[in-house]
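A structural walkthrough
Read off the chains here:
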Amino acid sequence: MAEIRLTRVEQGQTKIKNVPIAVTPEGFWCCPSPVVFQKSLKAQNPLNKPKPFSPPPKTNVQKKPVPVPVPVPVCERRAAASAPSRLVLSDDKQCATAGERPPPTTSVTAPERAPRQKIESLPKKVAIEFGEPGTCDMKVVLLGKQGFCVKLSVHRDVLTEKSSFFSEKLSEQSGLSCLQVGDCEDVEIYVETVGLMYCREMKQRLMKQSVSRILRILKVAEFLGFSSCIQSCLEYLEAAPWVGEEEEEKVVSTVLKLQAEGIGVNPVLKRISSDISNVPKDTLSHIIDLVLKSNEERGRREMKSIVLNLLKENNSLPSYARSADVCNDMIYRSCRSCLDSLLTLFKQAAEPGFTDKPSELRDPIAKWIALEADNLSWLLEILVDKQAGDEFALMWANQHELAVLHEKLPIVSRYHVSCLSGRLYVGIGRGELLPSKDTRRLLLQTWLQPLMNDYNWLQHGCRSFDRKLVEEGIGRTILTLPLEDQQSILLSWLGSFLKTGDSCPNLQRAFEVWWRRTFIRPYVENQEGNNVSVSDSSMLPKQHE
């Protein structure tokens, strides 16, 4: 670290403040700390509020500030020590472009002081010197939007070699000794980017920076045509982690702008894109296959939730931006595979004498039945979110053999299948699935009775079973059918309900709607029809005798 003087010229006095600032092995002062720029924007203590006198620090007793030693490699120590830089904050009313700092103002007594001017109204000037002291041959003046006037003492050959912007400007006027850049949005980063022109090892200089700061440097480097800095920033962005979606979006948007200008940015973009064809489809198929074949409960449960949520996020995209139709065939192939496996397991469990087998032979079958039923439920959720579940309802309604075998299995092994039937009824009742009339009728004919057989167990042995939701779904599904089908199904339910009571789904609301449609609505319509006929006949002209 080194000692830098910040000088504020007041009426008759000068204050010196030590500012820590890093020095590079190349022998030039780095960009001042952001705190220096930020503090210089704020007014120091107003002149009309004198501060209590405090003795100067011991380090400033001498007439000239003594530099603090900086840890620099031995081979570079001489170069670093021979490159002092002045960082001066002054209150000059105008920012000089080529002149040196004006001499200190002569002190005057208190009665002779002129009217004081507020510090806020005075321009802030920062002077920074690069390279060996006294060798600079031109000035660059930056006029910042924040009120800064920064004077950089630089070397013409360095700027023309590193920057196409400076090369073009200086070639237009060969004898130009001062170049002024106005309306700088980011003076601090502009100064640092010019400083990077003096770096031999730019990668090490950028290594400890944040991604957001590298993006700021990249923006200025692109403006200046500083190609080696652009390349170093891109190498940094390719290797450094991007934290959070917001930072990733900033990186990608910045890099895409550079790509539009013909700058090679493919190494950075490869993090978010691939040249391999069919990656989304093949990868999704592999992921779903891994989840379906897993039998580790916790990992399986968590990955099912993650994949389902990510697919929901994909479904929220516009239709032209997602490959929904491409994935549906793959998901239905998985559904058919699970159904075939489930049917095979049901056949094994329905064999005579299966219940008499040792538990080590029965338990794996029961476990795999539960696993395949859970797989089908998960795939159904994916299809419902993709608004593509109608074909699943048809597939399930046609599982007659599975439904026949259902009653031959112990309830503890088969109730998972009834949960799947209940989910389909809920989906139809909510309008999440819109299968045809024949499919809805077949679904009720095939799976309503097995569900009713397992209903008592589902209420007491299945924690995820929502009785009210399933009953509402069954009732609404029945009421979507023609009136004759409603009557057939509800009368069959009524016989079971009168025998088993709470061990049967409560479909009283659907029964009431069907009753009103059958017995009350026709009477009301007939009455309205008669009233209309009477009113129409009353409006006819009377026949004169």
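Below is a short write-up of the structure. These figures come from a predicted structure and were not determined experimentally. (Residues numbered from 1 in each chain as written. Predicted model: local features only at pLDDT ≥ 70, side-chain atom pairs only at ≥ 80, totals over all residues. Heavy atoms only, no water.)

Some remarks on the overall build of the protein
For the protein, the count of helices and strands is 22 helices and seven strands. In the protein, buried positions account for 40% of the 545 residues. For the protein, contacts bridging at least 24 residues in sequence account for 71% of all contacts bridging at least 6. Taken as a whole, the protein presents about 31,900 Å² of accessible surface, with 53% of it coming from carbon and sulfur. (Helix = DSSP H or I, 4+ residues; strand = E, 2+ residues; numbered from the N terminus. Buried < 20%, exposed > 50% of the residue type's maximum accessible area, 1.4 Å probe, protein only. Contact = heavy atoms within 4.5 Å. Areas by Shrake-Rupley, 256 points an atom, 1.4 Å probe, with all protein chains shown as cover.)

As for the environment of leucine 179
Counting through the fold element by element, leucine 179 comes out in strand β7 (residues 178–184). Placed 28 residues apart in sequence, leucine 179 and lysine 151 show a C-alpha to C-alpha distance of 9.8 Å. Those residues in contact with leucine 179 that lie beyond four places of it in its chain are Met138, Lys139, Val140, Val141, Phe166 and Lys169.

Concerning the packing of helix α17 (residues 411–430) against helix α18 (residues 437–453)
For the pair α17 and α18, interaxial distance at closest approach is 9 Å and the crossing angle is 140 degrees. It follows from the interaxial angle that α17 and α18 lie oblique. Of the two elements, α17 crosses α18, and the hand of that crossing is left-handed. Contacts from Ile411, Arg414, Val417, Ser418, Ser421, Gly422, Leu424, Tyr425 and Ile428 in α17 reach Arg440, Leu443, Leu444, Trp447, Leu448, Pro450, Leu451 and Asn453 in α18. A breakdown of the residues in the contact of α17 with α18 according to their chemical character gives 11 nonpolar, four polar and two charged. (Axes fitted to C-alpha atoms, helices over the stretch in contact; angles between N-to-C directions. Parallel < 35°, antiparallel > 145°, perpendicular 65-115°, else oblique. Left-handed = near helix turned anticlockwise from the far one by under 90°. Nonpolar A, V, L, I, M, F, W, Y, C, P; charged D, E, K, R; others polar.)

Regarding the packing of aromatic side chains
Summed over all chains, the structure comprises 12 aromatic pairs. Aromatic side chains tryptophan 493 and phenylalanine 497 sit 5.0 Å apart centroid to centroid with 25 degrees between the ring planes, which places their arrangement in the stacked category. Placement of the pair is tryptophan 493 and phenylalanine 497 together in helix α21 (residues 483–500), with a separation of four residues, close to one helical turn. Given the relative accessible area of 2%, tryptophan 493 is considered buried. (Phe/Tyr/Trp six-rings, centres within 6.5 Å; stacked < 30°, edge-to-face > 60°.)

Comments concerning a negative patch on the surface
Where like charges cluster on the molecular surface, the negative patch consists of Glu245, Glu248, Glu249 and Glu313. Take the negative patch: its biggest share by element is three residues, from helix α9 (residues 244–260). Within the secondary structure, glutamate 245 sits in helix α9. Owing to a relative accessible area of 66%, glutamate 245 belongs among the exposed residues under this scheme. (Patch = residues over 30% accessible without salt bridge, like charges linked within 9 Å, V, L, I, M, F, W, Y side chains within 5 Å. Salt bridge = Lys/Arg side-chain N within 4 Å of Asp/Glu carboxyl O. Lys, Arg positive; Asp, Glu negative; His and termini not counted. Charge placed at Lys NZ, Arg CZ, Asp CG, Glu CD.)

Re the pattern of salt bridges
One pass over the structure, following the stated rule, counts 23 salt bridges. A salt bridge links aspartate 454 to arginine 414, with the nearest nitrogen and oxygen atoms 2.7 Å apart. Here arginine 414 lies in helix α17 and aspartate 454 lies in the loop between α18 and α19 (455–461), a separation of 40 residues in the sequence. On the basis of relative accessibility, which here comes to 0%, the residue aspartate 454 falls in the buried class. On the accessibility criterion, arginine 414 (8% relative accessible area) is buried.

Let's talk about helix α4 (residues 164–172)
The α-helix winds at 3.6 residues per turn, so residues separated by three or four positions along the chain end up facing the same way. Residues of α4 that are buried: Phe165, Phe166 and Leu170. Relative to the axis of α4, the buried residues are bounded by an arc of 115 degrees and lie together on one face. For α4, the exposed residues lying more than 90 degrees away from the buried face are Ser171 and Glu172. For α4, the secondary structure elements touched by its buried residues are β5 (138–144), α3 (156–162), β7, α5 (187–196) and α7 (211–224). Where α4 begins, one side-chain oxygen reaches toward the backbone nitrogen of phenylalanine 165, 3.3 Å away; that side chain belongs to serine 163. (Arc of directions from axis to C-beta. Polar contact = N/O pair within 3.5 Å; in protein donor to acceptor, adjacent residues only side chain to side chain.)

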